[in-house]
Number of protein chains: 2
Amino acid sequence: MRPLEIWSGRSNIRFMTTRPAQKHAAGSGDSKAHAKGQCGPGRPRGYDEQEVLSAALQVFWRQGYEATSLDDLTGAMGLSRSSFYAAFGSKQGVLIAALKSYSATALSALRELADGPREGAVRAMLQALSNPQGGPKGCLLVNCITELAPHEQEVAEIGRRHLQGVEDLFASALNPEAPESVQDKARALSALAIGTLTLRKSGLPPDQISKALEAAEGILTS
Amino acid sequence: MRPLEIWSGRSNIRFMTTRPAQKHAAGSGDSKAHAKGQCGPGRPRGYDEQEVLSAALQVFWRQGYEATSLDDLTGAMGLSRSSFYAAFGSKQGVLIAALKSYSATALSALRELADGPREGAVRAMLQALSNPQGGPKGCLLVNCITELAPHEQEVAEIGRRHLQGVEDLFASALNPEAPESVQDKARALSALAIGTLTLRKSGLPPDQISKALEAAEGILTS
DNA sequence: CGAATTCTGGAACGCTCAATCCAAAAATAG
DNA sequence: CTATTTTTGGATTGAGCGTTCCAGAATTCG
């Protein structure tokens, strides 16, 4: 078996030590309002961090993690290798940043549907999850969970939190009557939506999936 | 983007031309009863084809396609590179053979459950699919569909047929009353089962998944 | 016993991989 | 202006990749 322990621990010591202030968290939590104007002495960056992260996200989404090379990434991001490693530390680093950004964006969009009119909320969420912006590329997080989670605990952790978030939104959109099995129903709805992504990838046309979802939804939400 | 066109077309011309009779189909269809005893002049093989294929299958299952190197494969199979390429032609070749073998085995096992007593058949199928032999590794075919199907049409094709098979078995296990939406219900059940594999990979314990499945199943099958 | 055929071990091939390094460029601070 | 700090481009690194090749070992056929 190939050594996969690259992931944990020894990530780019040079970067982590020489530039500890620039945490770049990439869209998730601790963005310290890194105003883009003047921020110190040195040469300013020639790129927008969110933009290049979004470019990297798209590549991972289209190709998967292992099938994506650093040339793919730097090419799509428009960055030299130096800038890439200075900003993200490693290939794994930019993946983690992309996954966090993706999760935040996706959950935010889903929350709007969950907070909409009660009737139709679940249906709208199912349709949105099963027919994501990525089209046949599916859901970036589901793809990466499938490919990496068993061996890379940080991916698994981000994935677990994301799926919990989806579940919670389903639960909040379900009829609060009969709350004894709301969590289980929400979990089943999540699984149902996620499963359709595999059907889609294998070539099933979207309208066939919508039909199946409607057949299931009518009874699952009651 | 990295050149991925390796897949189609130009697969090991030397092997294909110099040894065209040995099709090795690896467990799927056209096994010409390749009796293991005497089968011609030359030196006999020092390995069992089904055994080494099963070993390769396990490695792909555990690590995924891209993360598996040829050293991983030949090491687990106990084959030299020469024997490997003589038997399977390429890394893609052994994956395809493994997927076909996996699909046949899995569908056969699922058919026994579908043909069992009507009440409980659907539940047994859901539990079996969501808690496969592979444990947290999930389902080999679902893994490979997620990782490869958008770019490798042969994987997509095998996956599509497999999922269609699962759907058909669900349909045959469903109550034949109200047959107007049997196919959609069966498709939804497939998606539900497949989706639980992602939950499992992200770390959700099996009993939580079983609970959600039972909550969904009671109403989905009625 | 040769001759023909087939498998096996292991080295080698060309290439790509993720990651590193360094000097030049571009900004601020005094 | 000079000194300092940071980013950038591009060459480089050593290891690993999938695949090929060939000489020798093992078997059957005449």
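Anything mentioned here points back to the structure above.
This one's a predicted model, so the numbers in the text were calculated from it and none came from an experiment.

Trainee: How should I be thinking about helix α8 (residues 153-173) of chain B in this particular structure?
Mentor: Counted at 1.5 Å a residue, the expected span for α8(B) with its 21 residues is 30 Å, and the 30 Å between its end C-alpha atoms agrees. Inspection of α8(B) places Val155(B), Ala156(B), Ile158(B), Gly159(B), His162(B), Leu163(B), Gly165(B), Val166(B), Glu167(B), Leu169(B), Phe170(B) and Ala173(B) among the buried residues, and these make up the whole buried set. Turning to α8(B), the residues buried within the fold contact α9 (182-201) of chain A together with α5 (91-114), α6 (121-130), α7 (140-148) and α9 (182-201) of chain B.

Trainee: Explain the packing of helix α6 (residues 121-130) of chain A against α9(A) to me, please; I cannot follow it from the model alone.
Mentor: Packed helix pairs are specified by the crossing angle of their axes together with the interaxial distance, meaning the distance between the axes. Residue and element names in this part refer to chain A. For the pair α6 and α9, interaxial distance at closest approach is 8 Å and the crossing angle is 30°. As for the relative orientation of α6 and α9, their crossing is right-handed in sense. Across the interface between the two elements, Val-122, Leu-126, Leu-129 and Ser-130 from α6 touch Leu-189, Leu-192, Ala-193, Thr-196 and Leu-197 from α9. Within the contact of α6 with α9, the residues separate by chemical class into seven nonpolar, two polar and no charged.

Trainee: I keep staring at the interface of chain A and chain B and nothing clicks. Help me out?
Mentor: A common way to report how large an interface is uses the accessible area buried once the components associate. Taken together, the contact between chain A and chain B spans 42 residues of the former and 42 residues of the latter. Summing both sides of the interface, chain A and chain B together bury roughly 4,100 Å²; the carbon and sulfur share of this comes to 67%. Linking chain A with chain B are zero salt bridges, by the criterion used here. At the boundary of chain A and chain B, one finds six residue pairs in polar contact (both at pLDDT 80 or more). Among the secondary structure elements, those contributing two or more residues to the side of chain A that touches chain B are α2 (49-63), α7 (140-148), α8 (153-173), α9 and α10 (206-220) of chain A. Residue contributions to the side of chain A that touches chain B peak at 12 residues, all from α9(A). Residue classes in the side of chain A that touches chain B are distributed as 20 nonpolar, 11 polar and 11 charged.

Trainee: Could you clarify how one ought to interpret helix α2 (residues 49-63) of chain B in this entry?
Mentor: Residues lying three or four places apart along an α-helix face the same way, a consequence of the helix completing one turn every 3.6 residues. Residues and elements named next belong to chain B. Taking 1.5 Å per residue as the helical rise, α2 with its 15 residues ought to reach 21 Å, and the 21 Å between its terminal C-alpha atoms agrees with that figure. What α2 keeps buried is the set Glu-49, Val-52, Leu-53, Ala-55, Ala-56, Leu-57, Val-59, Phe-60, Trp-61 and Gln-63. Buried residues in α2 make contact with α3 (70-77), α4 (81-88), α5 and α7. Residue Asp-48 occupies the N-cap position of α2, its side-chain oxygen lying 3.2 Å from the main-chain nitrogen of Gln-50. Gly-64 occupies a position one or two residues after α2 and carries a positive phi of about 85°.

Trainee: I tried to follow the relation of the copies chain A and chain B on my own but got confused; where do I start?
Mentor: In this arrangement, two copies of a chain are superimposed by a rotation about an axis accompanied by a shift along the axis. Mapping chain A onto chain B calls for a rotation angle of 180° and an axial translation of 0.0 Å; the resulting RMSD is 0.1 Å. Taken together, the rotation angle and the small translation identify this as a two-fold axis.

Trainee: Explain the side chain of Thr68(A) here, please?
Mentor: Residue and element names in this part refer to chain A. Residue position: Thr-68 is located in the loop between α2 and α3 (70-77). Of the residues examined, Thr-68 reaches a relative accessible area of 1% and is grouped as buried. Within the structure, the side chain of Thr-68 is placed 2.6 Å from the backbone oxygen of Gly-64, a separation counted as a polar contact. When residues no more than four places from it in sequence are discounted, the contact partners of Thr-68 are Val-59, Phe-60, Gln-63, Leu-73 and Lys-91.

Trainee: What am I meant to see in the state of the cysteines here?
Mentor: Throughout the structure, instances matching the rule amount to zero disulfides over all chains. Among the cysteines around Cys139(A), which has no disulfide bond, Cys144(A) carries the closest sulfur, lying 8.7 Å off.

Parameters and conventions
- Residues numbered from 1 in each chain as written.
- Chains lettered and ligands numbered in written order.
- Predicted model: local features only at pLDDT ≥ 70, side-chain atom pairs only at ≥ 80, totals over all residues.
- Heavy atoms only, no water.
- Helix = DSSP H or I, 4+ residues; strand = E, 2+ residues; numbered from the N terminus.
- Expected span 1.5 Å × (residues − 1).
- Buried < 20%, exposed > 50% of the residue type's maximum accessible area, 1.4 Å probe, protein only.
- Contact = heavy atoms within 4.5 Å.
- Axes fitted to C-alpha atoms, helices over the stretch in contact; angles between N-to-C directions.
- Left-handed = near helix turned anticlockwise from the far one by under 90°.
- Nonpolar A, V, L, I, M, F, W, Y, C, P; charged D, E, K, R; others polar.
- Buried area = accessible area lost by both parts, 1.4 Å probe.
- Salt bridge = Lys/Arg side-chain N within 4 Å of Asp/Glu carboxyl O.
- Polar contact = N/O pair within 3.5 Å; in protein donor to acceptor, adjacent residues only side chain to side chain.
- Least-squares fit on C-alpha atoms with pLDDT ≥ 70 in both.
- Disulfide = S-S within 2.5 Å.

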